[in-house]
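Notes for the structure review
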Amino acid sequence: MTVHVVAAVILDSEERVLIAERPADKHQGGLWEFPGGKVEPGERIEGALCRELEEELGILPSEYEPLIKIRYDYSDKSVLLDVWTVTAFSGEAHGREGQPIEWVDKAQLRDYEFPAANHPILNAAILPERYLITGSFRDKSELIDKVSSALRMGISLVQFRAPWLDKEQYRECVESLVPLFSGHESKLIVKGELEWLEDDSVGGIHLTSSQLESLHKEGWKHSGGKIVGVSCHSGLQLVQASEVGAFFATLSPVEETSFHPEANPLGWGQVGPMIENATLPVYCLGGMRDNDLVQACRLGAQGIAAISAWWS
Ligand SMILES: Nc1nc2c([nH]c(=O)n2[C@H]2C[C@H](O)[C@@H](COP(=O)(O)OP(=O)(O)OP(=O)(O)O)O2)c(=O)[nH]1
Ligand SMILES: [Mg+2]
């Protein structure tokens, strides 16, 4: 039997996250957690969220939205963690059950030890809702202009993609973008070979589904703090993406897109259950515009990924 648990990534005005230490005598005791607890029979999930945060922290959430759902089988117990982001609440958070609590910068979250099920939840808590993939550009200066303007729009995760360039031009473009990301909370992800993981000037890499397939076959597993994203087009690939230790996946094409006119759109109807079963954060990709974000998040996605929407 699966225990349905609601948990909250509570943010303050400085984007810090509230975490609490689980009592030593409880399941997964002594580890840090996102506050929450079991949903009672017949209880609505939002009701359980408000009740648990009131009981454990003495706060009442007023603005919240679904972040991610993760199923996980511990040897002694199976849980469905239904995680919500809370962006506004009344009251002063304190450990009402005597549990230590801490407000932590997102970048520091990985320094704390969480239960095994929380791995994708940490990634979801850290990743933004919008993921820009670079589109066409004439030269480096246009590339820099376009990425700069996206960063000014508040986009903080950018994949550099330019399949028409040779290796040297490609590297030069990456090098020209790197300074835009220093000092920002933003991350530059390079679409390309695994060797980019060794490059400390970039935030991570994005793998194609065929790279995923061969890496998965080899039994490759990502370790370390660098972000790894993977392009997925099926439920099986989403499973493989989790198994190789990817931080997130894009799922495409959700709708028709001029970039891949030959591909059959999955449509929201198929995308919903695929996200539901995924065990990593998923960005919807393919024909996405800003106003698709609400629908994507309603289906449990991390957010949306796009070229055209933010590449003007
Ligand atoms: N709240 C919370 N629970 C988590 C997290 N990660 C994780 O694996 N769990 C597991 C541990 C527990 O098996 C279950 C949550 O149960 P709980 O002990 O907090 O439930 P509860 O607050 O209702 O407390 P009680 O019924 O034991 O008094 O989910 C997390 O980040 N937050
Ligand atoms: Mg609890």
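Throughout this description, residue numbers start from 1 for each chain and increase along the sequence as written. Throughout, the order in which chains and ligands are written sets their labels, letters from A for the former and numbers from 1 for the latter. For a predicted model such as this one, the threshold for reporting local features is a pLDDT of at least 70, and the threshold for listing and counting side-chain atom pairs is 80 or more; totals across whole chains, interfaces and linings nevertheless cover every residue. Hydrogens and waters are ignored; side-chain quantities use all the structure's heavy atoms.

Some remarks on the side chain of H222
This is how the line gets drawn: Numbering of helices and strands runs from the N terminus; a helix is a DSSP stretch of H or I covering at least four residues, while a strand is a stretch of E covering at least two. Here's how the labels work: a residue is buried when its accessible area is under 20% of the maximum for its type, exposed when over 50%, partly exposed in between, all with a 1.4 Å probe on protein chains only. Pairs of N or O atoms are called polar contacts if they sit within 3.5 Å, as long as, within protein, a hydrogen donor faces a hydrogen acceptor (for residues adjacent in sequence, only side-chain-to-side-chain pairs). Between two residues, a contact is recorded if the distance between any of their heavy atoms is within 4.5 Å.
Along the polypeptide, H222 turns up in the loop between α5 (209-218) and β12 (227-232). Judged by its relative accessible area of 9%, H222 falls in the buried class. Polar contacts involving the side chain of H222 include one to the main-chain carbonyl oxygen of K226, which spans 2.7 Å. Ignoring anything within four residues of it in the chain, the contact list for H222 reads L197, V228, V244, G245 and F247.

Observations regarding the pairing of β12
Stated formally: Here the rule is simple: two strands pair whenever DSSP picks up at least two bridges between them. Classification remark: right-handed applies to a crossover when, strands pointing away from the viewer, the course from the first strand over the helix to the second runs clockwise.
For β12, a buried count of six out of six residues is recorded, marking the element as mostly surrounded by other parts of the structure. Of the two faces of β12, both are covered, the one formed by I227, G229 and S231 as well as the one formed by V228, V230 and C232. Here strand β11 (residues 204-207) runs beside β12; their pairing, made up of four bridges, is parallel. Its bridge partner being in β12, I205 is matched across the sheet by V228. Where the polypeptide runs from β11 across α5 and back to β12, its parallel neighbour, the crossover connection is right-handed. As defined by bridge partners, β12 adjoins strand β13 (residues 248-251) across four bridges and the pair is classed as parallel. Residue S231 lies in a different strand from β13, and its bridge partner there is T250. Between β12 and its parallel partner β13, the chain crosses via helix α6 (residues 235-243), and the hand of that crossover is right-handed.

Here we look at the packing of helix α3 (residues 140-152) against helix α4 (residues 167-177)
Packed helices, taken two at a time, are described by their axes: the angle between them and the distance between them. Rules: In this description, a line fitted to the C-alpha atoms serves as the axis of each element, helices being fitted only across the stretch in contact, and the angle between N-to-C directions of two axes falls anywhere from 0 to 180 degrees. Oblique is the label for any angle not covered by the other classes, which are roughly parallel (under 35 degrees), roughly antiparallel (over 145) and roughly perpendicular (65 to 115). Left-handed describes a crossing whose near helix is turned anticlockwise from the far helix by less than a right angle; the clockwise case is right-handed. Throughout, the ten residues Ala, Val, Leu, Ile, Met, Phe, Trp, Tyr, Cys and Pro are labelled nonpolar, Asp, Glu, Lys and Arg are labelled charged, and all others, Gly among them, are labelled polar.
Following both chains from N to C, one finds α3 and α4 inclined at 40°, their axes separated by 10 Å at the closest point. As judged from the angle between their axes, α3 and α4 are oblique. Both α3 and α4 take part in a crossing whose hand is right-handed. Only E172, C173, S176 and L177 of α4 make contact with α3, whose side of the interface consists of K140, L143, I144 and V147. By residue class, the composition of the contact of α3 with α4 is five nonpolar, one polar and two charged.

Examining the state of the cysteines
Just so we agree on the cut-off: To count as a disulfide, a pair of cysteine sulfur atoms needs to be within 2.5 Å.
Per the counting criterion, the structure on display carries zero disulfides. Counting only cysteine sulfurs, C297 is the nearest neighbor of C284, a cysteine outside any disulfide, at a range of 8.3 Å. Classification of C284 as buried rests on a relative accessible area of 0%.

Remarks on the coordination of the magnesium ion (ligand 2)
The test is simple: With water omitted from the atoms examined, metal sites may look incomplete; donors here are N, O and S atoms no farther than 2.8 Å from the metal, or 3.2 Å in the case of Na, K and Ca.
Distances from the magnesium ion (ligand 2) to its protein donors, G36 (O) and E56 (OE), fall at 2.2 Å. With a gap of 20 residues between them, G36 in strand β4 (residues 36-38) and E56 in helix α1 (residues 45-57) connect regions that are remote in the sequence. Like E56, G36 is buried.

What about the pairing of strand β1 (residues 2-10)?
In terms of burial, β1 is largely enclosed, as seven of its nine residues are buried. In this sheet, strand β6 (residues 77-90) lies alongside β1 in parallel orientation, the contact comprising nine bridges. Within β6, the position partnered with V6 by the bridge is D82. Here three bridges tie β1 to β4, and the two strands are oriented antiparallel to one another. When the sheet's bridge partners are listed, A7 is paired in β4 with G36.

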